[in-house]
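# Breakdown of the fold
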Amino acid sequence: MRMWFVCRFCCPAAQSNSNPEWEAKVLEYFKGQLKEKESHSWVPSLNDVPLHYLKPNSLVKFRCLVQDMFDPEFYMGVYETVDPSTKANVLRCGKYKDVTECGVDLNSRNTVTAERQTFYCVPIPGESPWAKEISFLSAARVVPSTSYVPSRQKRSYEEDDDMDTQPQKQREPHTGGGTKWCHRQETEAPSSQTTAPSDCSSHLDLNFPLPGERGPACLVKVYEGLDSFKLNDTLEIYGILSVNPVLTVLGEEKDPSLLLLNPTESMETPEEQRAHDPPASLVPRLHMLYARPLQHNNPLLPSAPTEDQSAFVSSFLVEMASVRAELLAYLTHVLLGDGLAAEYLLLHLISNVYTRRDVLPLGKFTLNLSGCPLNSYTERLYQIVQQLVPCSYRLSMSLHTMNSMRLVPKKDYVANRLVSGALQLARNTSLFLDETQLEQGQLDSSGVRNITALGNLISWQKVDYDFSYHQMEFPCNINVLVTSEGRSLLPSDCQVPLQPQVTPPNMEEYLTTIHMAQFTSQINKFRVYLSLARTLDYSISDEVTKAVEDDFVDMRKDDPQSVTAEDLHRMLVVASITCSSNGWMRAKHIDMLRRSRTEQQKSLNGNEP
Amino acid sequence: MSSPTSTPGRRKRNRDDIPATPKSTAKAGSDGLVSPPSQRRRGQDSSNGDLPAMPTSPGTDIASPAVHDTSLFSSPRRSVLPSEVDMSSPLMYGTPSSRVEGTPRSGVGGTPARQRPDLGSIRKAPQVDLHSEPPSADGAVASEQALGQKLVIWGTDVNVGTCKEKFQRFLQRFIDPASNEDENAGLDLNEPLYMQKLEEISVVGEPVLNVNCSHVQSFDADLYRQLISYPQEVIPTFDMAVNELFFERFPDSILEHQIQVRPYNALKTRNMRSLNPEDIDQMITISGMVIRTSQLIPEMQEAFFQCQVCAFFTRVEVDRGRIAEPAVCRNCNTIHSLALIHNRSAFSDKQMIKVQESPDDMPAGQTPHTTIVYAHNDLVDKVQPGDRINITGIYRAVPMRENPRQSNVKSVYKTHIDVIHFRKTDEKRLHGLDEDSDQKLFTEERVQILKELASKPDVYDRLSSALAPSIYEHEDIKKGILLQLFGGTRKDFSQTGRGNFRAEVNILLCGDPGTSKSQLLQYVFNLVPRGQYTSGKGSSAVGLTAYVMKDPETKQLVLQTGALVLSDNGICCIDEFDKMSDSTRSVLHEVMEQQTLSIAKAGIICQLNARTSVLAAANPVESQWNPKKTTIENIQLPHTLLSRFDLIFLMLDPQDEAYDRRLAHHLVALYYQSEEQIEEEFLDMAVLKDYIAYARTYINPRLNEEASQALIEAYVDMRKIGSGRGMVSAYPRQLESLIRLAEAHAKVRFSDKVETIDVEEAKRLHREALKQSATDPRTGFVDISILTTGMSATARKRKEEVARALKKMIQSKGKTPAMKYQQLFDDLRGQSEAAITKDMFEEALRALADEDYLTVTGKTVRLL
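Residues numbered from 1 in each chain as written. Chains lettered and ligands numbered in written order. Predicted model: local features only at pLDDT ≥ 70, side-chain atom pairs only at ≥ 80, totals over all residues. Heavy atoms only, no water.

As annotated in an unreviewed UniProt entry, chain B is DNA replication licensing factor MCM4 from Oncorhynchus mykiss. Among the UniProt annotations of chain B, the heading Subunit (unreviewed entry) holds the following wording: "Component of the MCM2-7 complex." Per UniProt, chain B carries the Catalytic activity (unreviewed entry) text "ATP + H2O = ADP + phosphate + H(+)". (UniProt positions renumbered as here; feature names shortened; annotations may be inferred.)

You'll find chain A entered in an unreviewed UniProt entry as Mini-chromosome maintenance complex-binding protein, with Oncorhynchus mykiss given as the organism. Quoted verbatim from the Sequence similarities (unreviewed entry) field of the UniProt record, the comment on chain A reads "Belongs to the MCMBP family." UniProt, in its Subcellular location (unreviewed entry) section for chain A, records the words "Nucleus".

Opposite charge on two side chains makes pairing possible when the charged atoms of those side chains draw close. Residues and elements named next belong to chain A. According to the stated counting rule, one finds 29 salt bridges over all chains in the structure shown. Notably, a salt bridge pairs Arg-292 with Glu-236, separated by 2.4 Å at the nearest N-O pair. Of this pair, Arg-292 sits in strand β6 (residues 285–293) while Glu-236 sits in strand β5 (residues 234–242), and the two are 56 residues apart along the sequence. Take Arg-292 and Glu-236: they sit in the same class, and that class is buried. Arg-594 is the salt-bridge partner of Asp-591, the closest N and O atoms lying 3.5 Å from each other. With Asp-591 and Arg-594 both in helix α22 (residues 583–605) and three residues apart, this pair spans about one turn of that helix. One salt-bridge network, in which partners are shared between bridges, spans Arg-570, Asp-591, Arg-594 and Arg-595. (Salt bridge = Lys/Arg side-chain N within 4 Å of Asp/Glu carboxyl O. Helix = DSSP H or I, 4+ residues; strand = E, 2+ residues; numbered from the N terminus. Buried < 20%, exposed > 50% of the residue type's maximum accessible area, 1.4 Å probe, protein only.)

Let us look at the confidence of the model for chain B. Residues and elements named next belong to chain B. In this model, chain B carries an average pLDDT of 69, and 66% of its residues clear a pLDDT of 70 or more. Least confident of the elements in chain B is helix α5 (residues 124–130), whose mean pLDDT is 37; most confident is strand β8 (residues 370–376), at 87. Of the regions scoring below 50 in pLDDT, residues 1–105 engages in 225 contacts with residues more than four places distant in sequence or in other chains. Confidence drops under a pLDDT of 50 for residues 427–440, and excluding neighbours within four residues, the segment shows 27 contacts in the predicted structure. (pLDDT = per-residue confidence, 0-100. Contact = heavy atoms within 4.5 Å.)

All names here are of chain A. Between helix α20 (residues 542–558) and helix α21 (residues 565–578), the shortest axis-to-axis distance is 11 Å and the interhelical angle comes to 145°. Regarding α20 and α21, the two cross each other, and that crossing is right-handed. The segment α20 lies against α21, with Val-548, Phe-552 and Met-555 engaging Ala-565, Leu-568, Met-571 and Leu-572. Of the residues belonging to the contact of α20 with α21, the class tally is seven nonpolar, no polar and no charged. (Axes fitted to C-alpha atoms, helices over the stretch in contact; angles between N-to-C directions. Left-handed = near helix turned anticlockwise from the far one by under 90°. Nonpolar A, V, L, I, M, F, W, Y, C, P; charged D, E, K, R; others polar.)

All right, on to the sheet that holds strand β17 (residues 571–575) of chain B then. Across a sheet, strands are paired by hydrogen bonds formed along the backbone, either parallel or antiparallel in direction. Residues and elements named next belong to chain B. Read across the sheet, five strands follow the order β14-β17-β20-β13-β21 without closing on themselves; strand pairing throughout is parallel. Each edge of the open sheet is held by one strand with a lone partner, namely β14 (531–535) and β21 (647–651). Adjacent strand axes in the sheet meet at a mean angle of 15°, parallel and antiparallel pairs treated alike. Strand direction decides the pairing type here: strand β13 (residues 507–511) and β21, joined by five bridges, are parallel. Within the sheet, the bridge partner assigned to Leu-508 lies in β21 and is Ile-648. Against the sheet, helix α14 (residues 475–486) makes contact with β13, β17, β20 (613–618) and β21, and its axis sits at roughly 145° relative to β21, the strand it touches most. (Pairing = 2+ DSSP bridges.)

Here the focus is the side chain of Arg324(A). All names here are of chain A. Secondary-structure assignment places Arg-324 in helix α13 (residues 307–334). With relative accessibility at 18%, the residue Arg-324 sits in the buried group. Apart from residues lying up to four places away in sequence, Arg-324 is in contact with Glu-343, Leu-346 and Tyr-529.

As a further point, take the pairing of β6(A). Residue and element names in this part refer to chain A. In terms of residue burial, β6 counts as a mostly covered element, since seven of its nine residues are buried. Relative to β6, strand β4 (residues 218–222) runs parallel, the two being bridged by three bridges. Bridging across to β6, Val-220 finds its partner in Leu-286. Alignment of β5 against β6, held across eight bridges, turns out to be antiparallel.

On to the sheet that holds strand β17 (residues 494–497) of chain A. Residues and elements named next belong to chain A. Spatially, the five strands line up as an open sheet ordered β10-β13-β16-β9-β17, and their pairing is parallel. Edge strands, defined here as strands with exactly one partner in the open sheet, are β10 (392–396) and β17. Averaged over neighbouring strand pairs, the angle between their axes works out to 20° when direction is ignored. Here β10 runs beside strand β13 (residues 430–434); their pairing, made up of five bridges, is parallel. By the bridge assignment, Ser-396 is partnered in β13 with Asp-434. Taken strand by strand, helix α14 (residues 339–349) contacts β9 (367–370), β13, β16 (479–483) and β17, and its axis lies near 150° from that of β16. With respect to the sheet, helix α15 (residues 377–388) is in contact with β9, β10, β13 and β16, its orientation differing from that of β10 by roughly 165°.

Structure, rendered in structure tokens:
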């Protein structure tokens, strides 16, 4: 029911003009309504519901990443139309709309020009299938079927049954389910769209950061608080959907002679037009009413920092230690019985750049797992990581991908847009760099650039976007995990050589069994733990500070060559991630273990650097 | 007095008045389409002039949008009234046809006016007069002061007569003795500035008068306000005023066309981001970088039609982008006999330029905005992609006509800027003049804060500790970098033949890996506005200097500048300096002393300025610093390059318990301190940035007498140290370094005089750096020759001794024409009391070979 009030609000613009505060009131009304318990889950989501099931001009939400910010545009905030038959002038409102009514009086004195900006938004890159699935299901569960009629009824009944009778907990553990359900979510909308109009739309590049991504991209019109949004922010946007076919005026439809006559129009290159005014059926417009910045996109956690979140957190904290132990055991199995590597992997997964001191990002913890068994082990490992974190991407560092792939976003001045690259990721995305795929050969210049970009990302947690005449630095917060045979060629905060305790004859089978042995409920607990542990605050007492100082001095005394400030940095990060009272002791301990292991490795391999 | 009336052809395409209804449509045209109506300030302005009651939009129904829309897209439709202007009217002083006449002429009447498409449709007011309509109640009125009323241009509070008078007064009287713009070079600052410029025009013959808006503002604030608010009415008035004045004064001068006034430096807007609907149709100045330029677009201004039957010809002017083709020949009355003759039509040039916000203006985390700019006539091709420019122009917004077949339009306006004036901000860098003109403007309060900070006695320590607070200690290194950030005073000795003296301080950091050298470099790179960060590993010589490439769009060869040129007036941070290839390093020789870069490539031979400070970091060759070796031996850099660094610091692990403890404490605090605590302790990075920028711009310290004496003494002392042991311990380069450092230190204090304390600190720092880097590990003495010649004096002495001993040994062996290499080496080792390495032995052999005493072939040594 609630979805339709937008129409009521926007249509009678004539009377609304007399009251200038109406805009603020609209926003307040919506915000108030959305604050109500669960009300936000009644709003259909562009992520889940295929576009053609959504009613135009209705309220929708969209969970997305701001991929590009276009230039601000001026529009007719208020304008006057003249009815050709009655000659009556009517004042109308242009806010939250793309297209004016018929018969605009361009010379009217009542026209008010206002400013808005367009953001190009894409679904969060690398969002794990389980995250999509759960958010889809939870939306489906809550939405009262009456208000969902337009989209639900068109769906096949079989599917509906499926959804209702299978509460998510009973379903089989993920892999099978994931792929099975996949086709229903973000994948459905584009696949049906991109294939249907065949040629004319397939060349439309939706500019997703990661290759093989699907989902609706959206042009979000932003009216308020322009400065508060930044590139690569993850937002949940509530807004009015606009898919007016008038917007679909592609270059080829235009009469070329008209273009010649009007030079202003021809200034826009076809590329630019395609990037900025794609057909609304493919890239819908969303007029933002309200946007909520997302701290995480884990659907198992309450997203808003409300009371029920703190309640949720405190209730989970009780379990925390046990969940952690279980997770550690699970990871140990996954890492072939290597408990130390499992502990480091766990720490890596919950690390987070929590602040920056001048140029130094604090809290980053890049892990280099060396000595990984070859063949598909790393791939399986990634699948397991993917099952645990809401956002991830595996970059196979083969020579070909490094030379051909675009990692760093680049400004395309012809189309006037930021062409995305694989390093344009949302915060806390797990980037899995698979160096075992690297073979001998030569990196060309773009390959070198890509490697440099990865190095910068790891060392400084920033990506220098290429603006052709200059570079612009965008800070990021990406958890990088490097798997390699020997020591990685990329820098890392911490290198752990993997020491398998078991050597299963069939790796595939081994991992699959471990994987299948976990219940979904258990996995869900892990997922909650990982997301939650990251948000916790750390503090340190004076005694610990003292202990750290003493320990450091002692360590230096023993072996001044190998213990440097760098090591202290790493141990402090580990201590802060461990985030318990004996964090420092633990950090010291595992670092010692790790160090002895690397020493051992060195003497084994002899000449390894 | 000449009437303001000018050629009726100065209309813009977008103008949408219907000529048949001059009065009402003139209003509608100028306001309706060209500007979104929100921008009109009719109501409040009418209080100034006694404008009669406002009209109730008569005739707007004629210009209904539907008609308008189709008219723009459909083929030229027959006009009701092609602009029929009485060419012989005495009101005319610049008919379009006069352009074709080639006879020399002078005076206002004789010189043709040139269209100003940059101003848009401006001539509606005079046009009303021209059509012999009496100035009616709502009509716009020109300078007809005979009417005894104070009349203004419709919709503004601009009274043409008053405005003209004011501007003429401004031109005649404005004096700016404090002017330091380079445009005014060679002008007498105590004479009226613009009159001199007019004189210049009469000599040079370039009919463009650039007027600095801030001058107008200081002269007459009201006139300035009018200029900003109603540029499209006021600038033509200025044009008239200037031309009258000019031809009165120089009645005989011949110009190509009438003088055009080009105002610049409108103070209103500085940043592209701050443009908003309020600015539409106002004059603005923004800065940005050109990213794309279109090809030249010929825009027809006047079409030439000739009758195919009787050869009668007629000219038709463009009206809102349309040509109204005359259907009937006026001479022979044949229908549809007129044909367009392209060669005799008049076109004007137009170019689309895309400008992007300059990176300095942008808030972090957002993408830069772009704006479309149209350049007209002689401004076409004035700028190239990559140029940083200040644009003064009129901000426009026109509604989008999305689809002619649909009557509902997209509710979005297209915005662009019609340029009036370009000013390249980086032009001067090429000409080698001093600092930028677009220096950061500091507010009074900010300057006050900075000065307060400068007056504190411990400002030097404060600033150095504010530098990279996350990096622990290394106080002297930070101090050195701080002085580098400030730089010395630039001196010009080109008259005496030495050219520019380097004012930039170069610093090399070397030391163990993992001593946060890179972090320091990153910090500096982020701190300075024009910093570049490169790594020696990945950069090539061309990446540092400049390379020639073919522009994909224009197919022209263009010079792409590299890191060193880009960091002109900034700091170039080069990490992994030791990993750089020799050829790459060699380009640094010129940059680091002469501060220029010579390029001879693909037919492009030029010398670019690269007045950059170099902050480099190098790792020792053996990955760990070997304290038994000299700096040169540790980092394996050519001494020719090393001697160009003013300060060379070693960043070594001190291996000292107290230090370790402090370091641990520092790091723990770094990780666990809250944001606020950090803020309290250290100076804000923004303050530091401003402080440096201010000092670099405004403070130019000079040596005072005592300081000069102190420097001389210091230099003499340094020389003395060495001369006692037969070594040279200082070269003039070191003296220059000392001077630079002393000046930089004076800048830190915001002092215009370099005093003794500055010299003391410079000496101390220099000595510190030398102590670290130029100490001979064998003797423990500071020996500058390690850095200047690559070898310490003692080492050289030892080399000679070994060679002598070897020669003696060979001679003592008697007549043996050939010897085994290995055996000779063993013999020498056995003989000598000091340990002799293979290197030393080889060196000795080489020395003897140079004396033509012996030759070495493979494993045997032959005497000659």
